Amino acid sequence: MKAPHSKAVKIQKLIFLISNYLEILLAFVVILAIGITLLSVPRELSLLYQNGGFNQFLQALFDVIIGIELLKMLCRHDLDSVVEVLMFAVAREMIINHMPIIETLIGIVAIAVLFSIRKFLFVSALDKENPDRKAGEMDER
């Protein structure tokens with residue numbers, strides 16, 4: 001007779017497997033979106049030359065950069081990539097939206113906090129603690 005615990009573990013493994021496939025699907029959607037956004041960069045570059053639309057060019061460029069970092073975050077599954085995405089997002093808002101000085105100061109403090117978290121509070125070794133752990137394997141309690 002099988003224990004009810006084994007059924008729960010099988011369901012957890014199935015849910016984990018489904019979530020992995022959904023992450024892969026989402027990564028492909030992000031790749032498609034990055035490709036579509038990259039198509040607009042040459043047009044934005046020509047507008048930069050014609051109209052001096054440097055701000056629109058930077059906005060399109062940052063959208064691509066943040067999309068690439070988001071894709072890396074989905075693929076790597078580590079805390080470093082989450083902090084990088086947050087730093088790029090805050091930097092984009094500070095550069096693209098010409099904010100008042102107080103909001104700019106808050107953005108600078110936010111980036112400093114993210115750098116501090118990355119430097120002092122985050123230990124990269126924790127992500128690499130179980131290198132032999134296979135994808136789809138779940139901790140049984």
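Bear in mind that the values here come from a model prediction, so they are computed numbers and not experimental data.

Looking now at a nonpolar patch on the surface. Together, Leu14, Leu17, Ile18, Tyr21, Leu22, Ile24, Leu25, Leu26, Phe28, Val29 and Ile31 make up an exposed nonpolar region whose accessible area comes to about 1100 Å². Checked against the element boundaries, leucine 14 lands in helix 1 (residues 4–51).

Helix length check: helix 4 (residues 101–121), at 21 residues, gives a terminal C-alpha distance of 29 Å against a target of 30 Å (1.5 Å per residue), a fit within 8%. Along helix 4, the residues that are buried comprise Thr104, Gly107, Ile111 and Leu114. Looking straight down helix 4, one finds that the buried residues subtend no more than 80° of arc, so they occupy a single side. Residues of helix 4 that are exposed and point over 90 degrees away from its buried face: Ile101, Ile102, Ile106, Phe120 and Leu121. Structurally, helix 4 contributes buried residues whose contacts are with helix 3 (79–96).

What follows concerns the packing of helix 2 (residues 54–76) against helix 3. Close contact between helix 2 and helix 3 brings their axes to 9 Å; oriented N to C, the two are set at 170°. Here helix 2 is positioned roughly antiparallel relative to helix 3, judged by the angle of their axes. Seen from helix 2, the contacting residues are Asn55, Leu58, Gln59, Phe62, Asp63, Ile65, Ile66, Glu69, Leu70, Lys72, Met73 and Arg76; seen from helix 3, they are Ser81, Val82, Glu84, Val85, Phe88, Ala89, Arg92, Ile95 and Ile96. Residue composition of the contact of helix 2 with helix 3, grouped by class: 12 nonpolar, 3 polar and 6 charged.

Ala27, Val30, Ile34, Val41, Phe57, Val64, Leu71 and Leu74 form the largest nonpolar core, which has 8 residues in total. Put simply, the parts of the chain that give this core at least two residues each are helix 1 and helix 2. Sequence-distant contacts of leucine 74, defined by excluding residues within four places in its chain, comprise Glu23, Leu26, Ala27 and Val30.

About the cut-offs
Residues numbered from 1 in each chain as written. Predicted model: local features only at pLDDT ≥ 70, side-chain atom pairs only at ≥ 80, totals over all residues. Heavy atoms only, no water. Patch = residues over 30% accessible without salt bridge, like charges linked within 9 Å, V, L, I, M, F, W, Y side chains within 5 Å. Areas by Shrake-Rupley, 256 points an atom, 1.4 Å probe, with all protein chains shown as cover. Salt bridge = Lys/Arg side-chain N within 4 Å of Asp/Glu carboxyl O. Helix = DSSP H or I, 4+ residues; strand = E, 2+ residues; numbered from the N terminus. Expected span 1.5 Å × (residues − 1). Buried < 20%, exposed > 50% of the residue type's maximum accessible area, 1.4 Å probe, protein only. Arc of directions from axis to C-beta. Contact = heavy atoms within 4.5 Å. Axes fitted to C-alpha atoms, helices over the stretch in contact; angles between N-to-C directions. Parallel < 35°, antiparallel > 145°, perpendicular 65-115°, else oblique. Nonpolar A, V, L, I, M, F, W, Y, C, P; charged D, E, K, R; others polar. Core = buried A, V, L, I, M, F, W, Y, C linked by side-chain atoms within 4.5 Å.

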